[in-house]
Amino acid sequence: MAATVQIQTVLYNNAIGEIWRFMQAIKPMVDHARGEGLLGSAHLVVGDCSNAPRLGDADLGDLGRCAEGIELDYRFFGANLMFGRGHNTLAASATDEHLLVINPDTHAAPAMLSHLLCTAADPAIGIAEARQIPLEHPKSYDPWAGDTSWASGCCVLIRERVFRQVGGFDPDNFPLYCEDVDLSWRVRLAGFRVVYVPKATIFHDKRISNGGAIVVSDTERYHSTFGGLMLAHRYGRPDIHRQIAGWIAHHGEEPQRRALAEFMRRQNEGTAPDPLPGAERVAEFVNGEYALHRF
Amino acid sequence: MKSFDFAWRSPYGHIIRLVEELALSPGLVLDIGCGTAPLAEQLAERGYDYLGLEIDEEAIVLMTERGIDARWLDLRKHETLAAEIVELVAGRPVAAILMLDVLEHIPAPNDFLAALRTTTTQLGRPPLLMSVPNATHIDVVAKLAAARWDMRPSGLLDQTHVGFFGEARLTDMLAGHGWRQIAQNDFSLDPSDQHFPADLAHIEAQTNLGAFLRALREAADDHTLVNQFVRAYVLLETTPRTPEVDTSPAPFLSVAMRTTGDREIALLDALTCLAAQTDPDFEVLLAVHHHDPVRAEFCRQLVSTFHPSFAFRVRILEVVGGGRSRPLNVALDEARGRYLAFLDDDDLVTGDWVEQFRVGAERRPGRVVRSASADQSHAVRTGPLMPYEPTGPVVVTRPLRFDALTHYHHNETPICSFALPMETLRSLRLRFDESLAVVEDWDLLMRTSTWTGVIDTEVVTSLYRRWDAVEGSLAQHDSQVWDVAREAVLDRLDAGPVLLPAGTVRRLASNAAHYRIEDATDPRVAELEARLAAFENAQWWRLTAPMRRVGTIGRRVARRVARRVARRT
């Protein structure tokens, strides 16, 4: 029987061209999955965390025509809920079998959703992750079954009842980064598999620095550091936490120092979460990453 | 009145050869603007009747005295031209119409040709044989670079000429009035009557400047030394129709993508990268290089799954035969964009790939635009999920800025990281060299950039996949193939002077000592040079002119050996 999917994305001051690029991939992706008999109804829910609505009536009319045959629901939040809370808010009203959590700075290949749905047909799978191009994430995966430590929130298909069962993203403790690692590990703790689907291709608009690295903003630096500290704390690795804190104290840049200060504040105020029981079964800390990397 | 005598080594001789070649039917040869009828006797000897039409009354008297049927006619009276000529022909069958060195004297050639079309139709559409001076002869072109335009009493720049023709203008104009060319026997002259003043570097082929200008001129068309175009045409029955042209605005960029259609996932990745570009002002020419049309159909189906706003911009070109450059040349011929870039089906690009090319093209119009590129090693993977995967991090190993001198030694610009200006490719007839098994991109990049220069965006926008295992050109061809191709590229570049960008002299100067030492002190190089000189001076060698081609090969081989010796030391 064909699955149903709520496709959900969260905007934050994205350029209209970027939103158009995102939207132009939605209908081909849905059409392909329907053509393969894998998909029934599909809803597109766009949550807007921007300072002012990014989409007016005219834009919505145009975008609706662009995604003809797909129900479009646009919600202006009036506040920056950020990634996790934004997606939780959109998922709260979902009635579909799966949530496709997807970034707006992407462009999915037409067959992407079909590959994810094929894989997710196995009820043991909680999260199926797409492969990002041009810069593929280096975390390792089982070459035969696809199992991996965690799935990037850039584009994942999550079984809705699993999402609900584990409580969705945790925006209080992971406002912007590592929330996907945290969600993946809680899904695995709940007994579901997290798998990588490399044939599910999605373009993610990352740029390459002149040194070959991905270009990272100060905001990303802050949140990734904060998320790293929080993961080590929550998943029972005080040794890793001390390592990160020590490194920041000696070598950290300003955003990283701010992240450490924020974590310390929460810890001192008692608002940091308790470590999760059994976390060691799923948490992987390898050379400063959250999975063994292929390179 | 000018009088020109018949000679075989002249446009007149070339016209007679054309008459013989075409085996015209018997009848009257109508010579419009015949001057003093230098061909009348030659044509009579071949059994043709002759009627000369001329405006110069003195010439008519002279022709009449020679027993030639010559009549007065003013070619500027377009309205009455057909009626007057038809009346003079008086119903005789016309074997051909001659018009030797006439068109360049007519102030309104299009009006005249329209009238001539009517005339020719009424005369039963006999062939039209013409000669027209070539105003794009190398001597004229080179002297323009010296700000010289030397009108003379006769010759290429006869002071009575009011129209000037190159091959393209002549062909276009005649085609526009319905004449299709059926034969040519152009008359070449080197040097021409415009080859003056003596020792002007621009026109002397053995000077650096002269050789350079000649190379530039030769790149434009095949008529560098043609003094007069000698052509034969037939008038088509139907009124010429303007060919249907695509009037939609040309895109900024044409992307030539070659694929065999076999690497399905890689092709999908590359297409997805293109569909996600921030600047959509481009077309994709997907050249499917495979003998099996099933592969092209697969590609067509794949493209059709994308959003129409992208899919409509992709054209599938089916390419059969030829080497790895063939699909690129097919795409080049089809390109409508202002610039042409290349993306192989196993490479990836960032979202601003097109956008950065545009930034470069707007900053320095006409130059080759080069962005930086990164590498990532890939390998075939076991398991059912994916046929290959990256095996190493993304690294930027090549400089952000193009360096011409370094590039003459080796390529630092992968094919996915530059865009070429189409106008320059067309006007200089630059194409991929299909005889090269590899490095065809380096060859075209260098042959183009020497004329245009390069603008660097200094932004990394492409990811070149290096294949660790069996796939990829590096693995497919052994080092010998690369060596041979590299030598061929260098030989071609070395065949004439090259342009180097401003700022190169100081760098050359700083390395001059190194070059001199390498050439002069290596005894093996000196020995090879001496043996080559002895080889060329041998008496038997000088007596065997037909075998000189072998000498060229011998020289190349000796140079290659010498260079290899020098490189290895």
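Parameters at a glance
Residues numbered from 1 in each chain as written. Chains lettered and ligands numbered in written order. Predicted model: local features only at pLDDT ≥ 70, side-chain atom pairs only at ≥ 80, totals over all residues. Heavy atoms only, no water. Helix = DSSP H or I, 4+ residues; strand = E, 2+ residues; numbered from the N terminus. Rg over C-alpha atoms; globule rule 2.2 N^0.38 Å. Buried < 20%, exposed > 50% of the residue type's maximum accessible area, 1.4 Å probe, protein only. Areas by Shrake-Rupley, 256 points an atom, 1.4 Å probe, with all protein chains shown as cover. Lys, Arg positive; Asp, Glu negative; His and termini not counted. Charge placed at Lys NZ, Arg CZ, Asp CG, Glu CD. Patch = residues over 30% accessible without salt bridge, like charges linked within 9 Å, V, L, I, M, F, W, Y side chains within 5 Å. Salt bridge = Lys/Arg side-chain N within 4 Å of Asp/Glu carboxyl O. Pairing = 2+ DSSP bridges. Axes fitted to C-alpha atoms, helices over the stretch in contact; angles between N-to-C directions. Contact = heavy atoms within 4.5 Å. 1 Å grid on protein atoms, 1.4 Å probe; cavity = no way out; pocket = protein on both sides within 12 Å on 5 of 7 lines; lining within 4 Å. Points joined across faces, edges and corners; volume = space filled by probe spheres on them. Nonpolar A, V, L, I, M, F, W, Y, C, P; charged D, E, K, R; others polar. Buried area = accessible area lost by both parts, 1.4 Å probe. Polar contact = N/O pair within 3.5 Å; in protein donor to acceptor, adjacent residues only side chain to side chain. Parallel < 35°, antiparallel > 145°, perpendicular 65-115°, else oblique. Domains from an automatic or database assignment. Arc of directions from axis to C-beta.

Trainee: Go over the overall build of chain A with me, naming the residues and quoting the values.
Mentor: Secondary structure summary: chain A contains nine helices and eight strands in total. What you see for chain A is a C-alpha radius of gyration of 19 Å, in line with the 19 Å of a compact globule of 295 residues. With respect to the three principal axes, the spread of C-alpha positions in chain A is 55 × 45 × 40 Å. Taken across its 295 residues, chain A has 57% of its residues classed as buried. With the model as given, the accessible surface of chain A reaches about 11700 Å², and the carbon-plus-sulfur share is 52%. Once the 28 positive and 36 negative side-chain charges of chain A are each reduced to a mean point, those two points are 3 Å apart.

Trainee: Account for a nonpolar patch on the surface, with residues named and values stated.
Mentor: Residues and elements named next belong to chain B. A contiguous nonpolar surface patch, about 280 Å² in accessible area, is contributed by Leu-144, Trp-149 and Met-151. Mapped onto the elements, Leu-144 comes out in helix H6 (residues 138-145). The exposure class of Leu-144 is partly exposed, given its relative accessible area of 48%.

Trainee: Can you explain the sheet that holds strand S7 (residues 155-159) of chain A? Please cite residues and give values.
Mentor: Residues and elements named next belong to chain A. The strand order across the open sheet built from eight strands is S3-S2-S1-S4-S7-S6-S8-S5, with neighbouring strands paired in mixed fashion. If you trace the sheet from one side to the other, it starts and ends with strand S3 (71-76) and strand S5 (106-108), each paired once. Direction aside, neighbouring strands of the sheet carry axes that sit 30° apart on average. Bridge count for strand S1 (residues 3-11) against strand S4 (residues 98-102) is four bridges, and the pairing is parallel. What sits directly across from Val-5, in S4, is His-98. Across the sheet, helix H4 (residues 112-120) is in contact with S1, strand S2 (39-48), S4, S5, strand S6 (125-133), S7 and strand S8 (193-204); its angle to S8 comes to roughly 175°.

Trainee: How would you explain empty space enclosed by the protein if you had to name every residue and give the values?
Mentor: Evaluated as defined, the whole model comprises three cavities of 30 Å³ or more. Around the largest cavity, the lining residues are A:Thr9, A:Leu11, A:Ile19, A:Phe22, A:Met23, A:Val46, A:Leu55, A:Leu60, A:Leu63 and A:Leu72. Elements that contribute at least two residues to the lining of the largest cavity include exactly S1, helix H1 (16-35) and helix H2 (57-66) of chain A. The leading source of residues in the lining of the largest cavity is H1(A), at three residues. For the lining of the largest cavity, the per-class residue count stands at nine nonpolar, one polar and no charged. In this structure, the second largest cavity occupies an estimated 40 Å³ of space. In terms of lining residues, the second largest cavity is bounded by A:Arg131, A:Ile133, A:Pro134, A:Glu136, B:Leu348, B:Gln376, B:His378, B:Pro390 and B:Arg465. For the lining of the second largest cavity, the elements supplying multiple residues, two or more each, are S6 of chain A together with strand S14 (368-380) of chain B.

Trainee: Summarise the interface of chain B and chain A; cite the residues concerned and give the values.
Mentor: Counting residues at the interface gives 38 residues for chain B and 35 residues for chain A. Carbon and sulfur atoms supply 64% of the area that chain B and chain A bury against each other, a total of about 3000 Å² over both sides. Its largest share of buried area at the contact with chain A, chain B owes to B:His307, B:Arg381 and B:Leu385, together 19% of the area lost on that side. Counting across the interface, chain B meets chain A through three salt bridges. Ionic pairing is found between A:Arg207 and B:Asp352, a salt bridge with its closest N-O pair at 3.1 Å. At the boundary of chain B and chain A, one finds eight residue pairs in polar contact (both at pLDDT 80 or more).

Trainee: Tell me about the side chain of B:Asp150, and name the residues and values.
Mentor: All names here are of chain B. Its location among the elements puts Asp-150 in the loop between H6 and helix H7 (167-176). Judged by relative accessible area, which is 16%, Asp-150 ranks as buried. Polar contacts involving the side chain of Asp-150 include one to the side chain of Lys-143, which spans 2.8 Å. Discounting residues that sit within four places of it in the chain, Asp-150 has contacts with Lys-143, Leu-157, Gln-194 and Phe-196.

Trainee: Got a sec to walk through the packing of H1(A) against H4(A)? Specific residues and values, please.
Mentor: Residues and elements named next belong to chain A. Between H1 and H4, the least distance of the axes is 7 Å, while the angle of their chain directions is 45°. Looking at the two axes, H1 sits oblique to H4. Contact residues: Met-29, His-32 and Ala-33 in H1; Met-112, Leu-113, Ser-114 and Leu-117 in H4. In the contact of H1 with H4, the residues fall into five nonpolar, two polar and no charged.

Trainee: Lay out the domain arrangement of chain A with the relevant residues and their values.
Mentor: All names here are of chain A. By domain assignment, chain A separates into domain 1 (3-204) and domain 2 (218-281). A separation of 27 Å is found between the C-alpha centroids of domain 1 and domain 2. Tallying the contact residues gives 15 residues for domain 1 and 19 residues for domain 2. Summed over both partners, the interface of domain 1 with domain 2 comes to about 1300 Å²; 64% of that surface belongs to carbon and sulfur atoms.

Trainee: Give me the pairing of S6(A): which residues, what numbers.
Mentor: All names here are of chain A. Buried residues dominate S6, accounting for nine of its nine residues. Relative to S8, S6 runs parallel, the two being bridged by eight bridges. Bridging across to S8, Ile-127 finds its partner in Val-194.

Trainee: Lay out H7(B) with the relevant residues and their values.
Mentor: Residues and elements named next belong to chain B. Taken as a whole, H7 has its buried residues at Glu-167, Leu-170, Met-173 and Leu-174. Projected down its long axis, H7 shows its buried positions confined to an angular sector of 145°, all on one face. The elements touched by buried residues of H7 are helix H5 (109-122), strand S5 (128-133), strand S6 (179-184) and strand S8 (226-235). With its phi angle positive at about 105°, Gly-178 sits one or two positions after the end of H7.

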